[in-house]
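Structure assessment
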Amino acid sequence: MSRLLQWIFGRLPIGWLQLTHKRGRFLAALSGVAFANVLVFVQLGIMNSMGTATLRPYEFFSADIMISASDANALAEGGNVARQWMLQAFADPDVTAGMGLFVSNVPWDRGGKDISFTTFGIDPAEPGFLAPEIAGKIALLQVQDVAILDRLARGLTRDEAAAIRPQTPLSFETQNRTLTALDTFAGGGGFGGDGFMFISDQTFLSLFPSRSSGAPDHILLRVRPGADVAAVTSRLRGLISDPTLRIRSYADAAQEDLRYQQMQRPTGLIFGFGVLIGVLVGLVIVYQVLSADVADHLREYATFKAMGYGSRFFLGIVVEEALILGILGFLPGLAVGTAILTLMGKVTALPLGMTASMAIMVFVGTVVFSVLSGTFATRRLAAADPADLF
Amino acid sequence: MGSNMIVEARGLSHWFGDGEARKQALFDIDLALPRGSLTVLMGPSGSGKTTVLTLLGCLRGVQNGTVGLLGHELHGASEAELTALRQRLGFIFQSHNLHESLTAMQNVIMGVQVRPGVPDELARSAATQALGLVGLSDRLDYLPANLSGGQKQRVAVARALVGNPALVLADEPTAALDKDSAATIIDMLKRLGAERGTTTLLVTHDNRILDRADRILTLEDGRIVSIAGGT
Ligand SMILES: Nc1ncnc2c1ncn2[C@@H]1O[C@H](COP(=O)(O)OP(=O)(O)OP(=O)(O)O)[C@@H](O)[C@H]1O
Ligand SMILES: [Mg+2]
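Residues numbered from 1 in each chain as written. Chains lettered and ligands numbered in written order. Predicted model: local features only at pLDDT ≥ 70, side-chain atom pairs only at ≥ 80, totals over all residues. Heavy atoms only, no water.

Some details on the overall build of chain A
Each helix and strand in chain A was counted, giving 13 helices and nine strands. Expected size for 390 residues packed as a compact globule is a radius of gyration near 21 Å; at 29 Å, chain A overshoots this value by more than 25%. Referenced to the eigenvectors of the C-alpha coordinate spread, the extents of chain A come out at roughly 95 × 50 × 35 Å. Taking all 390 residues of chain A together, the buried fraction comes to 51%. Contacts in chain A between residues at least 24 apart in sequence constitute 77% of all its contacts with a sequence separation of at least 6. Here chain A displays about 17,000 Å² of accessible surface, and carbon together with sulfur accounts for 62% of that area. One way to put it: in chain A the 30 positive side-chain charges average out to a point 9 Å from where the 32 negative ones average out. (Helix = DSSP H or I, 4+ residues; strand = E, 2+ residues; numbered from the N terminus. Rg over C-alpha atoms; globule rule 2.2 N^0.38 Å. Buried < 20%, exposed > 50% of the residue type's maximum accessible area, 1.4 Å probe, protein only. Contact = heavy atoms within 4.5 Å. Areas by Shrake-Rupley, 256 points an atom, 1.4 Å probe, with all protein chains shown as cover. Lys, Arg positive; Asp, Glu negative; His and termini not counted. Charge placed at Lys NZ, Arg CZ, Asp CG, Glu CD.)

Here is the structure:
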C-alpha cells in the first residue's frame, strides 16, 4: 500500500503513514465513513425500490396513450374518466384501439393478516393491451369471478402460489363474493399494496357495485404503428372537450407517477432527506478526523514549512488522507449496505438490493465529499508558523 | 556583496507587535558569514538571537535593512521566493521536530524530497549516507519513539544536512542533550561543515562549544556587542 501510494504521489505517502500510525483512530474513522455509506445505501436502496415498485404495474400493460382524471397522480389514485371520451378519441385516424381500465384495492382477509391486492379490472377481449406474460392468460377471465393472482405477493407463500393452476384453483372470499384464482403472474410487492390481481371488468363491477361501466379509472389507447404518439396526444387534447383530463403518452404517465412518488409524497421526501443526512454524517466525520489530524501535526507541518515545503504539499497530504478514508471506508460500507438491503428485500418482499449504478454513484460521492471536507480541514494549516519553532 | 559571503546583513532592525505594544528586538545589525565558517551567536536570553536566525532563515519577513542570502535580497522578497530559498538551507531546532509517524530514514528523505524531481533511489541513498555520517546506520527503520534523545537530534542533523545546504541555522541544538551527546553533535556539524564547505550559524549558551567556533558574535539587547575570532 505504502509503495503504491509512493508511486501515485511521487513522494513519501505521509498521509498514509500518519493515518496508520494511530491505528485505533484510523479504524474508528473508517467505521464512521462506512457507517455513513451504509446510511446512504439503505436510503437510496429504498428510494430505488420505490421507483421500481412504482413503475412495475405500468409494465403489465402495453399502451401508447393514457387518459386519466386530473387528480390521478398514480394508477390507483384519483377520480374516473367517462368512457365517452374513448369513443371521441377514435375520431382521430391514428387511434386504433382503446380499453377502459378499472383499478381498486381488494383486501383478502386471511384471518388476522390481510393481503391487499391492487386489482385491475380489464376487458378480457383486449389481450393486446397487456404485456405478453399476462396477455396469454386473460382469456380465463371471461368466466365471472375468476382472478389471476400475483405469485410474488407479500403474505402468499411460494408453495401456495405455485399450487394455483386451472386444475387446482384457489378460492377466497372478498367483498362478500367468492373469487377463484386460476393462474398466477409475476408482479411483486410494492409500497401501496402487497401485490397485484387481474379480474375482468365485469367481475370488478360486481365487486364494487357503486362503480359504473361507463366510468373506468383510466382509458388506455393504442395508435397505428409508426404514428407519432406525441402528435396524436396533442391532437386528442384538442379533440376531447374536457380540459381537466390528463391526456399523456403512456411513458410520460409512468414517469410523472415516479416523480410524484419521489418528490411529493412524504415517504419519498423522507428517504431523500435520509440520503442528505448520510452525506452530512460522512462529511462531518471526515472533517473531524482530518482537522484533528492536522491539529496534531502542526509542529511537524511547521517543520516541513521551514524546510521549504509549500502549501500544495500540505494540501496533497490532506487530500491523500481524504482519499484513503473515502476509498477504504467505502468498501466495508458497500459490503454491509449490500447485506442489509438484501436482508430487507427478503423480509419485505420489496425489490430491494444493491445495484452497480448505486455503488458507483455512492463511491464517487464518497470520494468527492471526503476530498471536499479534507480541503476544509487544511484551513487549520495556517496556524503552523515555522518562525515559532525556534 | 562579496562573493565569499553566504550571508550579508546591513542595518537590520526588527520590531514585534503593533501600536503601544510595539517593541524593537533588533537594532541596526551588521553581520556577514563567510563560506565554510562556523559562527557561534551568543547572548543573554531575550537579546534577539532567535530573531536573527528566523530573519536569515527566511522564516520572517525583513522589515528594515538589507539581507543578502545566497545572492538574493530578502527585504521585499515574496513568500514563494522565501520558500524556494529555504529549500537551500538546513535547520536544526532545539527540539528535534522529527515526524513521529516516519522512520529515521523517511524523516531524512523529507530533507531531500523538498526539491522537485529528485529520483526515489537517489533520495534513499543520500538519506542512508547522511544517517551513516551521524552514526545511525543501524537505526534506519526506527521510529523516533524508539530512539534516544541524542539519536533523535542526530537524525535531525542528518535531515538538515542531507540536501547539502549552503547554510545551516541551528538554535541551541544541544540544549536538551547530555554532555556527551552535545559534544558529538557539535563535532559532527563542524566536521561535515569542513568536508562540504557548509556555513553554519549556531546559537548556544554552551561554553564547551566556543573553542570549536571560527567566530563568536555576542548580542545584547538587540545589538552586536562583540565579535571574536576572524572577521
Ligand atoms: N513572536 C514574538 N512576538 C513578540 N515579541 C517577540 C517575539 N519573538 C521574540 N520576541 C521578543 O523579541 C526579543 C528577542 O527575542 P528572541 O527570541 O530573539 O531572544 P533570544 O535571544 O533568542 O532569547 P532566548 O535565549 O531566551 O531564546 C525578546 O524581548 C522577545 O520577547
Ligand atoms: Mg531563542
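Looking at the packing of aromatic side chains
Applying the stated criterion across every chain yields a total of 23 aromatic pairs over all chains. Ring pairs connect the aromatic residues Phe60, Phe61, Phe120, Phe185, Phe196 and Phe198 of chain A, which therefore count as one cluster. (Phe/Tyr/Trp six-rings, centres within 6.5 Å; stacked < 30°, edge-to-face > 60°.)

Here's the deal with the site of ligand 1
Residues and elements named next belong to chain B. Taken together, the neighbourhood of ligand 1 is formed by 13 residues, with Lys23, Ser45, Lys49, Thr50 and Thr51 sitting nearest. For ligand 1, an oxygen atom lies 2.8 Å from a polar atom in the side chain of Lys49. In isolation ligand 1 exposes 630 Å². Once the protein is present, 62% of that is buried. Going through the elements one at a time, strand E2 (23-34) and helix H1 (49-56) are the ones with two or more residues in the shell around ligand 1. The dominant element in the shell around ligand 1, judged by the number of residues it contributes, is H1, at three residues. Split into classes, the residues belonging to the shell around ligand 1 amount to three nonpolar, seven polar and three charged. (Near = heavy atom within 4 Å. Polar contact = N/O pair within 3.5 Å; in protein donor to acceptor, adjacent residues only side chain to side chain. Nonpolar A, V, L, I, M, F, W, Y, C, P; charged D, E, K, R; others polar.)

Points about the domain arrangement of chain A
Residue and element names in this part refer to chain A. Along its sequence, chain A is organised into domain 1 (2-54 + 266-389) and domain 2 (82-244). The distance between the C-alpha centroids of domain 1 and domain 2 comes to 48 Å. At the interface, eight residues of domain 1 touch four residues of domain 2. Overall, the association of domain 1 and domain 2 removes approximately 500 Å² of surface from exposure, summing both partners, and the carbon and sulfur fraction of that is 70%. On the domain 1 side of the contact with domain 2, Ala53, Ala349 and Leu350 bury the most area, a combined 63% of that side's loss. The tally of links between domain 1 and domain 2 comes to zero salt bridges. Along the contact surface separating domain 1 from domain 2 lie one residue pair in polar contact (both at pLDDT 80 or more). (Domains from an automatic or database assignment. Buried area = accessible area lost by both parts, 1.4 Å probe. Salt bridge = Lys/Arg side-chain N within 4 Å of Asp/Glu carboxyl O.)

Quick word on the interface of chain A and chain B
Across the contact, 25 residues belong to chain A and 30 residues belong to chain B. Together, the buried faces of chain A and chain B total about 2,500 Å²; carbon and sulfur atoms form 62% of this surface. Three residues, Leu12, Met307 and Phe390 of chain A, lead the burial of chain A against chain B; their summed loss comes to 30% of the area buried on that side. Applying the counting criterion to the chain A and chain B interface returns one salt bridge. Across the chain A-chain B interface, the total number found is twelve residue pairs in polar contact (both at pLDDT 80 or more).

A few points about the confidence of the model for chain B
Residues and elements named next belong to chain B. When pLDDT is averaged across chain B, the result is 89; 98% of the residues are at 70 or more. Within chain B, no element has a lower average pLDDT than helix H7 (residues 207-210), which sits at 77, and none a higher one than helix H3 (residues 104-113), at 95. The complex prediction reports pTM at 0.80, with the ipTM value standing at 0.91. (pLDDT = per-residue confidence, 0-100.)

Considerations on the sheet that holds strand E1 (residues 5-16) of chain B
All names here are of chain B. Here four strands make up an open sheet; going across it, the order is E2-E1-E4-E5 and the pairing antiparallel. Each end of this open sheet is capped by a strand with a single partner; those strands are E2 and strand E5 (72-73). Examined bridge by bridge, E1 and strand E4 (residues 64-69) share five bridges and lie antiparallel to one another. By the bridge assignment, Glu8 is partnered in E4 with Gly68. Against the sheet, H1 contacts E1, E2 and E4, and its axis sits at roughly 60° relative to E2. (Pairing = 2+ DSSP bridges. Axes fitted to C-alpha atoms, helices over the stretch in contact; angles between N-to-C directions.)

What about helix H2 (residues 79-86) of chain B?
Leu82, Thr83, Leu85 and Arg86 of chain B are the residues of H2 of chain B that are buried. When H2 of chain B is viewed along its axis, its buried side chains cluster within an angular range of 165° and face the same direction. (Arc of directions from axis to C-beta.)

Focus: the pairing of strand E6 (residues 177-185) of chain A
Each regular strand carries side chains that alternate between the two faces of the sheet. Residues and elements named next belong to chain A. In terms of burial, E6 is a largely internal element, seven of the nine residues being buried. As judged from the five bridges shared by strand E4 (residues 146-150) and E6, these two strands associate in the parallel manner. In the sheet register, Asp150 faces E6, and the bridge partner there is Phe185. Two elements, strand E5 (residues 170-174) and E6, share five bridges in a ladder whose sense is antiparallel. Bridge assignment links Thr174 to a residue of E6, and that residue is Arg177. From the end of E5 to the start of E6, which pair antiparallel, there are two residues, and Gln175 there has a positive phi angle of about 50°.

Things to note about the pattern of salt bridges
Enumeration over the complete set of coordinates arrives at 25 salt bridges over all chains. Between Arg224 of chain A and Asp94 of chain A there is a salt bridge; the shortest N-O distance is 2.9 Å. Highlighted residues: Arg224 of chain A in the loop between strand E8 (218-223) and helix H8 (229-239) and Asp94 of chain A in the loop between helix H4 (84-89) and strand E2 (95-109), separated in sequence by 130 residues. Arg224 of chain A sits in the partly exposed class, given a relative accessible area of 40%. Its salt-bridge partner being Arg248 of chain A, residue Glu256 of chain A comes within 2.8 Å of it at the nearest N-O pair. Overall, Arg248 of chain A belongs to the buried group, its relative accessible area being 6%. A single network of salt bridges, built from pairs that share partners, joins Lys22, Arg25, Asp293 and Asp296 of chain A together with Glu100 of chain B.

With respect to empty space enclosed by the protein
Within this structure, the stated rule accounts for two cavities of 30 Å³ or more. Quantified by volume, the largest cavity comes out at close to 120 Å³. Around the largest cavity, the lining comprises 13 residues; the ones closest to its centre are Met307 of chain A together with Leu89, Gly111, Arg159 and Ala160 of chain B. Elements with a minimum of two residues in the lining of the largest cavity: strand E6 (89-92) and helix H5 (149-161) of chain B. Counting residues per element, the lining of the largest cavity draws most heavily on E6 of chain B, which supplies three residues. Of the residues that constitute the lining of the largest cavity, the class distribution is six nonpolar, four polar and three charged. One number sums up the size of the second largest cavity: a volume of about 30 Å³. Lining the second largest cavity are Gln18, Leu19, Lys22, Arg25, Phe26 and Asp293 of chain A. Of all elements in the fold, only helix H2 (14-21) and helix H3 (23-55) of chain A reach the threshold of two or more residues within the lining of the second largest cavity. Here the residues of the lining of the second largest cavity are counted per class, giving two nonpolar, one polar and three charged. (1 Å grid on protein atoms, 1.4 Å probe; cavity = no way out; pocket = protein on both sides within 12 Å on 5 of 7 lines; lining within 4 Å. Points joined across faces, edges and corners; volume = space filled by probe spheres on them.)

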